[in-house]
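Chains, contacts and geometry: an overview
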Amino acid sequence: MSEFDDDSLLMLSGIQHIAFCERQWALIHLEQQWNENVLTVEGHHLHEHCDDPYADKSRRDLLIMRSVPLVTRRLGLSGRADVVELYRVKEEKTECSISLESEKGWWNVVPVEYKRGRPKPDECDEVQLCAQNYALEEANNIHISRGYLYYGETRHRHEVIFSVPLRQKTEELALRMHELFKLGMTPAPVYKRSCKTCSLFNLCLPGIKSAYQDVNVYIERNLDIP
Ligand code: SF4
């Protein structure tokens, strides 16, 4: 995958939208037609970490960085990480550790993304965390093997392993975002089970539009319209 320059960077958080539905991504990021739900959900989750019992701020071997700016030129995405945790490691440098000017020793880098709800049946949150991970790896020239998703509703952390399949999926989705952005194209709605949980359902009206498209296809086929 070639590297993207500053002018080609897209919003990193959009990768969760395109993983859920290409049309949802296009409505939000191409047409700016988001409804309040999207903004509300994404805005609120930023301070969910206040209640995270795992973020033990009293530990001397843990540093917590918040709202960390991120850029991955490999995926062509930029955004922010809710939290990046740094764990002091006793041994020598590892493949995922960095040194800090202000602190002694080596520190393992672990991205943590905070979500308002509960774990989802799909991998939308995992690919977003994985995209953040690409940026951290690139910036520090390290390899990070795992991160965490924290869900406010269950108050639980879930480990995410940055496996080869998850990395491949993340790269494919990023590439698709850039393809659609270049085309400036909003895909047609395809009504599916996940539409019921889509925050843009009322704006997209997939059932009605799909039926309307079906009628058009029927008319074109039966009236022999060129
Ligand atoms: S309602 Fe369905 S088709 Fe429309 S944007 Fe949402 S998930 Fe996509």
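The structure under discussion appears in the preceding block.
Summary of the structure given here. (Residues numbered from 1 in each chain as written. Predicted model: local features only at pLDDT ≥ 70, side-chain atom pairs only at ≥ 80, totals over all residues. Heavy atoms only, no water.)

1. Digging into the site of the ligand
Our working rule: Any residue with a non-hydrogen atom lying within 4 Å of a molecule or strand is treated as near it. Classification used: nonpolar for Ala, Val, Leu, Ile, Met, Phe, Trp, Tyr, Cys and Pro, charged for Asp, Glu, Lys and Arg, polar for all others including Gly. In this document the domain limits rely on a domain assignment from an automatic tool or a database.
Taken together, Phe20, Cys21, Gln24, Val190, Lys192, Cys195, Cys198, Phe201, Cys204 and Pro206 form the complete shell of residues around the ligand. Looking at the shell around the ligand residue by residue, the classes come out as eight nonpolar, one polar and one charged. Two domains each put at least three residues into the shell around the ligand: domain 1 (6-181) and domain 2 (188-226).

2. Some details on the pairing of strand 2 (residues 62-72)
Applicable threshold: Pairing between strands is defined by DSSP: at least two bridges between the two strands are required. By the criteria applied, helices consist of DSSP H or I runs no shorter than four residues and strands consist of E runs no shorter than two, each listed in order from the N terminus.
Here strand 2 runs beside strand 3 (residues 77-89); their pairing, made up of 10 bridges, is antiparallel. Counterpart to Met65 in the pairing with strand 3 is Val84. Counting the residues between successive antiparallel strands, the hairpin from strand 2 to strand 3 contains four residues, one of them, Gly76, with a positive phi of roughly 70°.

3. Side note on the packing of helix 2 (residues 22-30) against helix 5 (residues 164-183)
Rule in force here: Axis geometry follows a simple rule: fit a line to the C-alpha atoms, using only the stretch in contact for helices, then measure angles between N-to-C directions, giving values from 0 to 180 degrees. Angle categories: roughly parallel below 35 degrees, roughly antiparallel above 145, roughly perpendicular from 65 to 115, and oblique for all the rest. Crossing handedness is defined as follows: a turn of the near helix away from the far one that is anticlockwise and smaller than a right angle gives a left-handed crossing, while the clockwise case is right-handed. The contact criterion used is simple: two residues touch if any of their non-hydrogen atoms lie within 4.5 Å.
For the pair helix 2 and helix 5, the least separation of the axes is 11 Å and the interaxial angle reads 55°. Classified by the angle their axes make, helix 2 and helix 5 are oblique. Remark: the crossing between helix 2 and helix 5 carries right-handed chirality. Contact residues: Glu22, Trp25 and Leu30 in helix 2; Arg176, Met177, Leu180 and Phe181 in helix 5. In terms of residue class, the contact of helix 2 with helix 5 is made up of five nonpolar, no polar and two charged.

4. A word on helix 4 (residues 124-140)
The line we're drawing: To estimate how far a helix should extend, the number of its residues minus one is multiplied by 1.5 Å.
With 17 residues, helix 4 extends 25 Å between its outermost C-alpha atoms, agreeing within 8% with the 24 Å of an ideal straight helix rising 1.5 Å per residue. Once helix 4 ends, the next one or two residues include Asn141, with phi positive near 55°.

5. A word on the nonpolar core
Worth spelling out the cut-off: Joining through side-chain atoms within 4.5 Å is the link that ties buried Ala, Val, Leu, Ile, Met, Phe, Trp, Tyr and Cys residues into a set, and such a set is a nonpolar core. For each residue, the accessible area found with a 1.4 Å probe, counting protein chains only, is set against the maximum for its type, and the residue is called buried under 20%, exposed over 50%, and partly exposed in between.
Counting 35 residues, the largest nonpolar core has Ile15, Leu77 and Val109 as its most contacted members. When contributions to this core are tallied by element, the ones reaching two or more residues are helix 1 (14-20), helix 2, strand 2, strand 3, strand 5 (106-115), helix 4, strand 6 (146-151) and helix 5. For this core, the element with the most residues is helix 4, which contributes seven residues. When residues no more than four places from it in sequence are discounted, the contact partners of Leu77 are Leu9, Leu10, Met11, Leu12, Ile15, Leu70, Val71, Thr72, Ala131, Ala174, Met177 and His178.

6. As for the packing of helix 4 against helix 5
Contact pair helix 4 / helix 5: the axes reach a minimum separation of 9 Å and the direction vectors enclose 90°. Viewed along their axes, helix 4 and helix 5 adopt a mutual orientation that is roughly perpendicular. Listed contacts from helix 5 to Glu126, Val127, Cys130, Ala131, Asn133, Tyr134 and Glu137 of helix 4 are Leu166, Arg167, Lys169, Thr170, Glu171 and Leu173. In terms of residue class, the contact of helix 4 with helix 5 is built from six nonpolar, two polar and five charged.

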